[in-house]
Amino acid sequence: MTRRSVKILISAFFAVCSIGCGSGSTTLSPLGPTSRCGVTLAASPSTIESAGGSGVLKVDTARECRWTLSSTASWIRFGAAVEGQGPADVSFTIEPNRSTDGRQVELSVAESKAAISQRAAVCVWKVTPETASVGATGGDLRATLTTEDFCTWTLASRVAWIDVMSALSGSGSAEISLHVDGNSGAGRSGSVEFPSGTIRIEQQEAPKPAPSPVPVPSPAPAPVPCAFAVTPNKFDNVSTAASDISVDVSTTAGCAWTATSSASWITLKSPAGTGSAKVTLSVAANTGDQRTGSVIVAGRTISVTQNAAPCTYSVTPGSFHVSSSAQTSQITVTTRSSCKVGVTSTASWLHVGTYASTGGGKIPLTIDQNGSTSKRSASLNLTGDSGFAKAVPVDQDGR
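Residues numbered from 1 in each chain as written. Predicted model: local features only at pLDDT ≥ 70, side-chain atom pairs only at ≥ 80, totals over all residues. Heavy atoms only, no water.

What follows deals with the sheet that holds strand S5 (residues 53-60). By definition, the strands of a sheet pair up through backbone hydrogen bonds, in either a parallel or an antiparallel sense. Ordered by their spatial adjacency, four strands build an open sheet running S3-S5-S9-S7, and the pairing between neighbours is antiparallel. Every other strand in the sheet has two partners, leaving strand S3 (40-44) and strand S7 (76-78) as the edge strands with one partner each. Between one strand axis and the next, the sheet turns by 25 degrees as a mean value, whatever way the strands run. (Pairing = 2+ DSSP bridges. Helix = DSSP H or I, 4+ residues; strand = E, 2+ residues; numbered from the N terminus. Axes fitted to C-alpha atoms, helices over the stretch in contact; angles between N-to-C directions.)

Turning next to the pairing of strand S30 (residues 300-306). Across a regular strand the side chains alternate sides, sitting on one face of the sheet and then on the other. Pairing of strand S23 (residues 234-238) with S30, which is carried by three bridges, proceeds in the parallel orientation. Residue Lys-234 lies in a different strand from S30, and its bridge partner there is Ser-303. As paired strands, strand S29 (residues 291-297) and S30 are joined by seven bridges and run antiparallel to one another. If you follow Arg-291 over to S30, its bridge partner there is Gln-306.

Attention shifts here to the side chain of Asn-286. One can find Asn-286 in the loop between strand S28 (277-283) and S29. Only 2.9 Å separates the side chain of Asn-286 from the backbone oxygen of Asp-289, close enough to count as a polar contact. (Polar contact = N/O pair within 3.5 Å; in protein donor to acceptor, adjacent residues only side chain to side chain.)

Enumeration over the complete set of coordinates arrives at three disulfides. Here Cys-226 pairs with Cys-255 through a disulfide, and the sulfurs are 2.0 Å apart. Judged by the sign of its S-S torsion, about -85 degrees, the cystine formed by Cys-226 and Cys-255 is left-handed. Of this pair, Cys-226 sits in the loop between strand S21 (197-203) and strand S22 (229-231) while Cys-255 sits in the loop between strand S24 (243-250) and strand S25 (256-261); the two residues are 29 residues apart in sequence, bridging distant segments of the chain. Classification of Cys-226 by relative accessible area gives partly exposed; the value is 32%. Through a disulfide, Cys-311 is tied to Cys-339; the S-S separation comes to 2.0 Å. Across the disulfide from Cys-311 to Cys-339, rotation about the S-S bond amounts to roughly -90 degrees, and the bridge is consequently left-handed. Here Cys-311, found in the loop between S30 and strand S31 (314-316), pairs with Cys-339, found in the loop between strand S33 (327-334) and strand S34 (341-345); they are 28 residues apart in sequence, far enough to count as distant. (Disulfide = S-S within 2.5 Å. Buried < 20%, exposed > 50% of the residue type's maximum accessible area, 1.4 Å probe, protein only.)

So, about the pattern of salt bridges. Taken as a whole, this structure holds twelve salt bridges when the rule is applied. A salt bridge links Glu-202 to Arg-200; the nearest nitrogen and oxygen atoms lie 3.5 Å apart. Owing to a relative accessible area of 34%, Glu-202 belongs among the partly exposed residues under this scheme. The closest approach of N and O atoms between Lys-234 and Asp-236, which form a salt bridge, is 3.7 Å. A relative accessible area of 45% places Asp-236 in the partly exposed class. Linked through salt bridges whose partners overlap, the residues forming this network are Arg-98, Glu-148 and Asp-149. (Salt bridge = Lys/Arg side-chain N within 4 Å of Asp/Glu carboxyl O.)

Let's shift gears to unusual backbone geometry. A cis amide bond links Thr-128 with the next residue in sequence, Pro-129, at an omega value of -5 degrees. Within the element layout of this structure, Pro-129 appears in the loop between strand S12 (126-128) and strand S13 (131-134). The step from Thr-231 to Pro-232 runs through a cis peptide bond, and the omega angle for that step is -10 degrees. Along the chain, Pro-232 turns up in the loop between S22 and S23. Unusually for a residue other than glycine, Asn-237 sits at a positive phi of about 55 degrees. Within the secondary structure layout, Asn-237 lies in strand S23.

This paragraph deals with the confidence of the model for the protein chain. Overall, the prediction assigns the protein chain a mean pLDDT of 84, with 88% of residues at 70 or greater. Predicted confidence for residues 5-34 stays below pLDDT 50, and this span has 61 contacts to residues more than four positions away or in other chains. (pLDDT = per-residue confidence, 0-100. Contact = heavy atoms within 4.5 Å.)

The next point concerns the sheet that holds S12. Strands sit in the order S12-S14-S19-S17 across an open sheet of four strands; the sheet is antiparallel. Two strands lie at the open edges of the sheet, namely S12 and strand S17 (162-164), each paired on one side alone. Taking each pair of neighbouring strands and ignoring which way they run, the sheet shows an average axis angle of 30 degrees. Taken together, the seven bridges between strand S14 (residues 139-146) and strand S19 (residues 174-180) define a ladder with antiparallel strand orientation. Looking across to S19, one finds that Arg-142 is bridged to Ser-177.

Turning next to the side chain of Ser-379. When you line up the elements, Ser-379 lands in strand S37 (residues 376-384). At 3.5 Å, the side chain of Ser-379 forms a polar contact with the side chain of Asn-381.

Relative to the helices and strands, Gly-353 resides in the loop between strand S35 (350-352) and strand S36 (361-367). C-alpha of Gly-353 to C-alpha of Leu-365: the two residues are twelve residues apart in sequence and 5.6 Å apart in space.

Ile-176 and Ile-201 are the most contacted members of the largest nonpolar core, which totals 24 residues. At the level of elements, S13, S14, S17, S19, strand S20 (188-194) and S21 are the ones that each hand at least two residues to this core. Per element, the largest residue contribution to this core is four residues, and it comes from S19. Beyond its immediate stretch of four places on either side in the chain, Ile-201 contacts Ala-132, Val-134, Leu-141, Trp-161, Ile-162, Leu-178, Val-180, Arg-188, Ser-189 and Gly-190. (Core = buried A, V, L, I, M, F, W, Y, C linked by side-chain atoms within 4.5 Å.)

As for its position among the elements, Ala-51 is in the loop between strand S4 (47-48) and S5. Residue Ala-51 is classed as partly exposed on the basis of its relative accessible area of 47%. Spatially, the C-alpha atoms of Ala-51 and Pro-96 are 4.5 Å apart, while their sequence positions differ by 45 residues.

Moving on to the packing of aromatic side chains. Under the criterion given, the structure shown has one aromatic pair. Between Tyr-313 and Phe-388 the ring centres are 4.2 Å apart and the planes differ by 20 degrees, which places this aromatic pair in the stacked class. Taken together, the residues span a long stretch of sequence, with Tyr-313 in the loop between S30 and S31 and Phe-388 in the loop between S37 and strand S38 (389-396) at a distance of 75 residues. Of the residues examined, Tyr-313 reaches a relative accessible area of 15% and is grouped as buried. (Phe/Tyr/Trp six-rings, centres within 6.5 Å; stacked < 30°, edge-to-face > 60°.)

Dropping the structure here:
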């Protein structure tokens, strides 16, 4: 980081009156650092945050000494008169610094100097979406990177099967294009990194070959063809906990049947039999979103839909204690991608940035400067599914 400097010159002179101080007064130039018109300068504060601010330049000189203030820096403005006589307080305002370089302006009169420095701007990046899922066949994805126009960035894929098709570096907000290769094996995860985060990509595993059919013994000759009735033909709202459900098979004695499951989370206790019977399906506990699978019993398809597990949430940090200056921060919410997230602020000086309304991620915050000497408090109220509610306290010091 570099620092840029400019100078502001204040010229000073004093008037010495002849006896009577009438129209015959004479204006003289300063005599140097030891003259009666020596000037002392002091800026308060001498360092300004990148968001900008204001302060006072104190001019300390003899009452008969006149002075003039001028500036070549466009980012500093003076709120009072820029010329005067004797001691004075000149207010100034510093504009926000929209650069990652700090900057400085130097004020000087004769041997007296005062410097005002402004801190460099801090870049904040946000990418939407932060996570994405693709099928085993792969495909193209798009994401949006949002930041200030003076902030530079680079992108880097950390796996060979994800290619960045758009620019690998740039500045300001940008659209990101990615291509995901097809997957011939197990499910996999990869990421593309940018200055303050990642885009995480989950790819599904390749489809598995259909299971070999279970050999069915040849039924004994029957005087009539075997007919089967299977009830019920579907199960809705199955509990998220592990449980057993059953299907009734009705047929003629001696008629053989088989049962197979197409879902790994549904297993059969009786995969084959003859005659009428009760077939038990064991459904594993569900820790994720709602899911649907099927089994085939005696040639009939039975649909099984299991409810989603309740949404759970983790929020960090649990509270904030910040200084009086204007600043940015963030909270991190961890939950499943289908779970809703809502965040509101209880104070006008505490702002919640843009965030995804479902799934976990980082939620940006902007905190205004506290111009009061008193401490102030607010909270961030988080809500979600399954009755989730949490308040995150935010305390800000007075100046």
